[in-house]
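Coordinate inspection notes
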Amino acid sequence: MTIPFIDLRAQYNALHSEINTRIQAVLDHGQYIMGPEVKELEDRLAAYVGTTHCVTVSSGTEALLISLMALGIGPGDEVITTPFTFVATAEVIVLLGAKPIYVDIEPDTCNLDVRGIEAKITERTKAIMPVSLYGQTADMDEINAIARAYGNIPVIEDAAQSFGAMYQGLRSCNLSTIGCTSFFPSKPLGCYGDGGAIFTNDDAIAQASREIRVHGQAKRYVHTRIGVGGRMDTLQCAIVLAKLERLEWEIEQRRLIGARYNDLMDQAGIPRVQQRADRTSVFAQYTIFVQDRDRIQAELSQAGVPTAVHYPVPLNAQPAYKDLCCEECTPVSQRVAPTVMSLPMGPDLSLDLQGTIVNTLRNTIR
Ligand SMILES: Cc1ncc(COP(=O)(O)O)c(C=O)c1O
């Protein structure tokens, strides 16, 4: 038996009539680019998140890139972020000629450690970009307070993994100047290809983002700024609209399954990523800390339990990024990276399978 790392088939089976109906509607009207589903999804997501604006884009990476462009970030600028994230977070900064400045993480949540931020702020700091890793937001109040104290530095939440998560009564993506999410298929809200969205309450940023996503076009063939080809296509928007039917249930399931994993890990004495009491994680990943990870992964794989590593190498130790910033300044990230391991997770993971996963893990760790 092989357990899926995330069971997208079960999700499709549960939603197939909504999804098929939505896809058929797009095939019938034929507006594959910027069709009516795009605006419908943007309105629904903005209402769900609680922001004035939602701008759908072609991926989570593009959401981050367009956000930085909308803020006018470019050569010589610095953006404070975490090295313990998916490469896209830093990639977009470097693509614009700006420099990622890394602040280390907390060893228990693996999110940005806010205590390191102030020391890294200079007059070139143009944004702070915390990542809501594994589905849990960082200490956004503290980050926003620091940003305010230093002349209202914009804060971009990389919420690629945390759509639907809550922080002190507010939704992830509505916690700072801009929130960016991803609809990569395995994300808490996924499409069937690539997609993403930008959320903001700032009219000018929303307008700039809308223009940048269509080649900097203010009106047809009038290009008032440099842009990208960054639209989310109508079919993908239609699929996300269908998935909204089940989103609340899925988030609740993820929360319950995450809490059950926590209990089982604590009983077995297996160290795990911690969650803070003032926020709810959507457990985009369920991640534990292990020694001897290669052996454990190989044995679990042999037993039909897939695992993944988010992320094996901090970005300031990656070949393409090494010269841009120092490794030594983020010792926690360097220490944690060889130990993290993610287990199968998803709203359709049954209690039985979860029990099998944890029992197999216990035998492997012993
Ligand atoms: C933290 C983080 N940022 C950005 C991205 C990029 O999103 P996408 O794959 O939709 O471009 C991801 C996706 O894996 C991510 O996990």
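Because the structure is predicted, anything quoted here is derived from the model rather than measured.

Taken together, the neighbourhood of the ligand is formed by 17 residues, with G60, T61, D158, S182 and K187 sitting nearest. Measuring from an oxygen atom of the ligand, one finds a backbone N or O atom of G60 at 2.8 Å. Between the ligand and the protein, one listed contact pairs an oxygen atom with a side-chain N or O atom of Q161 at 2.9 Å. At the level of elements, α3 (60-70) and α4 (88-95) are the ones that each hand at least two residues to the shell around the ligand.

A cis amide bond, omega 15 degrees, links H310 with the succeeding residue Y311. Relative to the elements of secondary structure, Y311 occurs in the loop between α8 (293-302) and α9 (331-336). Although it is not a glycine, M34 sits at a positive phi angle of roughly 55 degrees. Among the secondary structure elements, M34 is positioned in the loop between α1 (8-29) and α2 (36-49). In this model, C110 sits at a positive phi of 70 degrees, which is unusual for a non-glycine residue. One can find C110 in the loop between β3 (99-102) and β4 (125-129). Among the residues examined, C110 registers a relative accessible area of 1% and is labelled buried.

Okay, the packing of α3 against α4 next. Following both chains from N to C, one finds α3 and α4 inclined at 40 degrees, their axes separated by 9 Å at the closest point. In this view, α3 runs oblique relative to α4, as classed from their interaxial angle. The chirality of how α3 crosses α4 is right-handed. Within the contact between the two elements, α3 uses T61, L64, L65 and L68 and α4 uses A88, T89, E91, V92 and I93. The class makeup of the residues in the contact of α3 with α4 is six nonpolar, two polar and one charged.

Strand order across the open sheet formed by three strands is β3-β2-β4, with parallel pairing between neighbours. Strands at the two margins of the open sheet, each flanked by one partner only, are β3 and β4. In this sheet, neighbouring strand axes are inclined to one another by 30 degrees on average, regardless of whether the strands run parallel or antiparallel. Pairing of strand β2 (residues 78-81) with β4 involves four bridges; the strand directions are parallel. Bridging across to β4, V79 finds its partner in A127.

Bringing the packing of α1 against helix α7 (residues 234-268) into the picture now. Axis separation between α1 and α7 bottoms out at 8 Å; the angle between their running directions is 150 degrees. With respect to each other, α1 and α7 are oriented roughly antiparallel. Crossing angle aside, the handedness with which α1 passes α7 is right-handed. Contacts between α1 and α7 involve Q11, A14, L15, E18, I19, R22, I23, V26 and H29 from the former and T234, L235, A238, I239, L241, A242, K243, E245, R246 and E250 from the latter. When grouped by side-chain class, the residues that make up the contact of α1 with α7 number ten nonpolar, three polar and six charged.

A separate point is the nonpolar core. L68, M129 and I198 are the most contacted members of the largest nonpolar core, which has 25 residues in total. Per-element tally for this core: the top contributor is α3, with seven residues. The residues contacting I198, other than those within four sequence positions of it, are H53, C54, V55, V57, A63, I66, S67, I178, G179, C180 and S209. Membership of the second largest hydrophobic core comes to 23 residues, among which are V49, F163, C191 and L241.

On to the pattern of salt bridges, then. As enumerated under the stated definition, the model contains 20 salt bridges in all. Here K39 makes a salt bridge to D43, at a shortest N to O gap of 2.8 Å. Residue K39 and its partner D43 are located together in helix α2, separated by four residues, close to a single helical turn. Put simply, D77 and K126 hold a salt bridge, and the shortest N to O gap is 3.2 Å. Separated by 49 residues along the polypeptide, D77 in the loop between α3 and β2 and K126 in strand β4 bring together distant segments of the chain. Take K126: its relative accessible area is 33%, and that puts it in the partly exposed class. Linked by salt bridges that have partners in common, E42, R210 and R213 make up one network.

Right, let's talk about α3 for a bit. An α-helical segment advances 3.6 residues per turn. Residues three or four places apart therefore align on the same side. Burial of α3 is extensive: ten of the eleven residues sit out of reach of the surface. Where α3 begins, one side-chain oxygen reaches toward the backbone nitrogen of T61, 3.3 Å away; that side chain belongs to S59.

Once that is clear, we can look at the confidence of the model for the protein chain. This prediction gives the protein chain a mean pLDDT of 96; 99% of its residues lie at or above 70. Considering each helix and strand of the protein chain separately, the mean pLDDT is smallest for strand β10 (residues 217-219), with a value of 92, and largest for strand β9 (residues 196-200), with 99.

Rules of the game
Residues numbered from 1 in each chain as written. Predicted model: local features only at pLDDT ≥ 70, side-chain atom pairs only at ≥ 80, totals over all residues. Heavy atoms only, no water. Near = heavy atom within 4 Å. Polar contact = N/O pair within 3.5 Å; in protein donor to acceptor, adjacent residues only side chain to side chain. Helix = DSSP H or I, 4+ residues; strand = E, 2+ residues; numbered from the N terminus. Buried < 20%, exposed > 50% of the residue type's maximum accessible area, 1.4 Å probe, protein only. Axes fitted to C-alpha atoms, helices over the stretch in contact; angles between N-to-C directions. Parallel < 35°, antiparallel > 145°, perpendicular 65-115°, else oblique. Left-handed = near helix turned anticlockwise from the far one by under 90°. Contact = heavy atoms within 4.5 Å. Nonpolar A, V, L, I, M, F, W, Y, C, P; charged D, E, K, R; others polar. Pairing = 2+ DSSP bridges. Core = buried A, V, L, I, M, F, W, Y, C linked by side-chain atoms within 4.5 Å. Salt bridge = Lys/Arg side-chain N within 4 Å of Asp/Glu carboxyl O. pLDDT = per-residue confidence, 0-100.

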